[in-house]
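Observations on the three-dimensional arrangement
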Amino acid sequence: MDFLIQLFNGLQLGSIYALIALGYTMVYGVAKLINFAHGDIIMVGAYTIFFVVQTSLFRSGLPLYLAIIPAIIACTLLGVVIERIAYKPLRNSSSISILITAIGVSLFLENLFVKVFTANARPVPSLFNQASLNIFGIRLSFQTIFTIVLTIILTIILQIFISKTKYGKMMLAVSEDYKASSLVGINVDNTMTMTFAIGSALAGVASLLYVSSYPQITPFIGSMLGIKAFTAAVVGGIGSIPGAVIGGFILGMIEVMTRAYLSSSYADAIVFLVLILVLIVKPTGILGNMEKEKV
């Protein structure tokens, strides 16, 4: 029974990693860059939720989970601004230049929030009621089930959007060859911006799920979250939407099981050990495909 509870706890944590990993895998799949500032976008979403729930509207009776709306808006706008200001001018630059820029944006956001809000941890009130559900004889919290189900639903919607809609097919075309896409009339700039917007909106959802599970925020929460989610994307196969979700679930369960049955001090080490093993055995990840670069 305890094992099953820990399994669902792992799926809950993995769902958060999966949503963040989707942002990484979308941006990499389309723009061929690793947005290391993605974790800090989640941090901004978490602070947005914190300050929104302090307003009189929410204190007077509005459901706290509605704070997801301003969080999504804030994260989406921030993602678009970062893409336009930091990444668009470097689109034809070397990979190392873009990588350094991404790290610089991440450090800028972290230090900006330390300067404005200090590094002190801030408690976030419970966003969901504490009701529990009985599933196959196991008592699970509502937010555990909500987190897992919402992640699965958003993944399905995103997969349908990419494969069935006009804009999704434009993103696929740009991911294959953005220069050729521009020749057939696709607006590459708008497609890149849309990719960042969708990934950042998912980060806004992830910020709500994170603070509902771990109700304390600092300007540095995005660092480790981003690294682990990137690890999940690589394990699942970066560039693959189902792979990002599978990788997130795997990492979440490994981390929770390690904390439950070994020691919390080993959790991070084992997570990154899994990454090393995957890169040795299957560098493309579980669902990734080997790509041949044209010379």
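Note that the structure is predicted; figures quoted are calculated from it, not measured.

**Some details on the packing of helix H1 (residues 2-31) against helix H2 (residues 38-52)**
At a closest axis distance of 10 Å, the pairing of H1 and H2 adopts a crossing angle of 135 degrees. Here H1 is positioned oblique relative to H2, judged by the angle of their axes. Seen along the crossing, H1 lies across H2 with a hand that is right-handed. Side by side, H1 and H2 meet where Ile-20, Gly-23 and Tyr-24 of the first sit next to His-38, Gly-39 and Ile-42 of the second. Its residues assigned to classes, the contact of H1 with H2 shows three nonpolar, three polar and no charged.

**Describing helix H4 (residues 68-87)**
Over its 20 residues, H4 extends 27 Å from the first C-alpha to the last, a length consistent with the 28 Å expected when each residue adds 1.5 Å. By the burial criterion, the buried members of H4 are Ile-68, Ala-71, Cys-75, Thr-76, Leu-78, Gly-79, Ile-82, Glu-83, Ala-86 and Tyr-87. Buried residues along H4 cover an arc of 165 degrees about the axis, so they all sit on one side. Residues of H4 that are exposed and point more than 90 degrees away from the buried face comprise Leu-77 and Ile-85. Contacts from the buried residues of H4 go to H2, helix H5 (95-117) and helix H9 (188-213).

**What about unusual backbone geometry?**
With the exception of glycine, most residues fall at negative phi, and the peptide bonds are largely trans. A positive phi angle is found at Thr-118, which is not glycine, with a value near 65 degrees. Relative to the helices and strands, Thr-118 is located in the loop between H5 and strand S1 (122-123).

**Observations regarding the pattern of salt bridges**
Here the structure, examined in full by the defined rule, presents six salt bridges. Across the pair Asp-268 and Arg-259 runs a salt bridge whose closest N-O atoms are separated by 3.9 Å. A residue is classified by how much of its surface remains accessible, and Arg-259, at 39% relative accessible area, is partly exposed. Taken together, the shared-partner salt bridges in this structure form one network comprising Lys-228, Glu-255, Arg-259 and Asp-268.

**So, the UniProt feature "transmembrane region" (unreviewed entry) in the protein chain**
Sites flagged by UniProt as "transmembrane region" (unreviewed entry) map to residues 16-34, 41-58, 64-86, 98-118, 138-162, 196-217, 229-254 and 266-287. Secondary structure content for residues 138-162 is 84% helix and 16% strand, while the C-alpha to C-alpha distance between its ends is 36 Å.

**Focus on the packing of helix H6 (residues 142-164) against H9**
At a closest axis distance of 10 Å, the pairing of H6 and H9 adopts a crossing angle of 170 degrees. One finds that H6 runs roughly antiparallel with respect to H9. Between H6, through Gln-143, Phe-146, Thr-147, Leu-150, Thr-151, Leu-154, Leu-158 and Phe-161, and H9, the contact on the second element is made entirely by Met-194, Ile-198, Leu-202, Val-205, Leu-209, Ser-212 and Ser-213. Partitioned by chemical class, the residues of the contact of H6 with H9 number 10 nonpolar, five polar and no charged.

**Digging into helix H12 (residues 267-281)**
Here H12 contains 15 residues, and its C-alpha end-to-end distance of 21 Å stays within 8% of the 21 Å for a straight helix at 1.5 Å per residue. Listed in full, the buried residues belonging to H12 are Ala-267, Val-271, Val-274, Leu-275 and Val-278. Take H12 and look down its axis: the buried residues cluster within an arc of 100 degrees, on one side only. In H12, those exposed residues whose orientation departs by more than 90 degrees from the buried face are Ala-269 and Ile-280. Contacts made by the buried residues of H12 are with helix H10 (221-236) and helix H11 (241-261).

**Description of the packing of aromatic side chains**
Per the counting criterion, the structure on display carries 11 aromatic pairs. When the ring of Phe-51 is compared with that of Phe-117, the centres are 5.1 Å apart and the planes differ by 40 degrees; the resulting orientation is tilted. Residue Phe-51 is found in helix H2, and its partner Phe-117 is found in helix H5; the two are separated by 66 residues along the sequence. Of the aromatic side chains, those joined through ring pairs into one cluster are Tyr-47, Phe-50, Phe-51, Phe-113 and Phe-117. One residue, Lys-166, lies across the ring of Tyr-167, its end atom 5.8 Å from the ring centre.

**With respect to the nonpolar core**
Counting residues in hydrophobic clusters, the biggest one holds 84 residues, and the most contacted among them are Tyr-87 and Leu-127. It is H1 that contributes the most residues to this core, 14 residues altogether.

**Section: the side chain of Thr-76**
Among the secondary structure elements, Thr-76 is positioned in helix H4. Residue Thr-76 is classed as buried on the basis of its relative accessible area, which comes to 19%. Once residues lying within four places of it in the same chain are set aside, the contact partners of Thr-76 are Ala-197, Ser-200 and Ala-201.

**Side note on a nonpolar patch on the surface**
The grouping of Phe-3, Leu-4, Tyr-261, Leu-262 and Tyr-266 at the surface amounts to a nonpolar patch, some 540 Å² of accessible area in total. Residue placement: Leu-4 occurs in helix H1. Judged by its relative accessible area of 36%, Leu-4 falls in the partly exposed class.

What counts, and at which threshold
- Residues numbered from 1 in each chain as written.
- Predicted model: local features only at pLDDT ≥ 70, side-chain atom pairs only at ≥ 80, totals over all residues.
- Heavy atoms only, no water.
- Axes fitted to C-alpha atoms, helices over the stretch in contact; angles between N-to-C directions.
- Helix = DSSP H or I, 4+ residues; strand = E, 2+ residues; numbered from the N terminus.
- Parallel < 35°, antiparallel > 145°, perpendicular 65-115°, else oblique.
- Left-handed = near helix turned anticlockwise from the far one by under 90°.
- Contact = heavy atoms within 4.5 Å.
- Nonpolar A, V, L, I, M, F, W, Y, C, P; charged D, E, K, R; others polar.
- Expected span 1.5 Å × (residues − 1).
- Buried < 20%, exposed > 50% of the residue type's maximum accessible area, 1.4 Å probe, protein only.
- Arc of directions from axis to C-beta.
- Salt bridge = Lys/Arg side-chain N within 4 Å of Asp/Glu carboxyl O.
- UniProt positions renumbered as here; feature names shortened; annotations may be inferred.
- Phe/Tyr/Trp six-rings, centres within 6.5 Å; stacked < 30°, edge-to-face > 60°.
- Lys NZ or Arg CZ within 6 Å of the ring centre and 35° of its normal.
- Core = buried A, V, L, I, M, F, W, Y, C linked by side-chain atoms within 4.5 Å.
- Patch = residues over 30% accessible without salt bridge, like charges linked within 9 Å, V, L, I, M, F, W, Y side chains within 5 Å.
- Areas by Shrake-Rupley, 256 points an atom, 1.4 Å probe, with all protein chains shown as cover.

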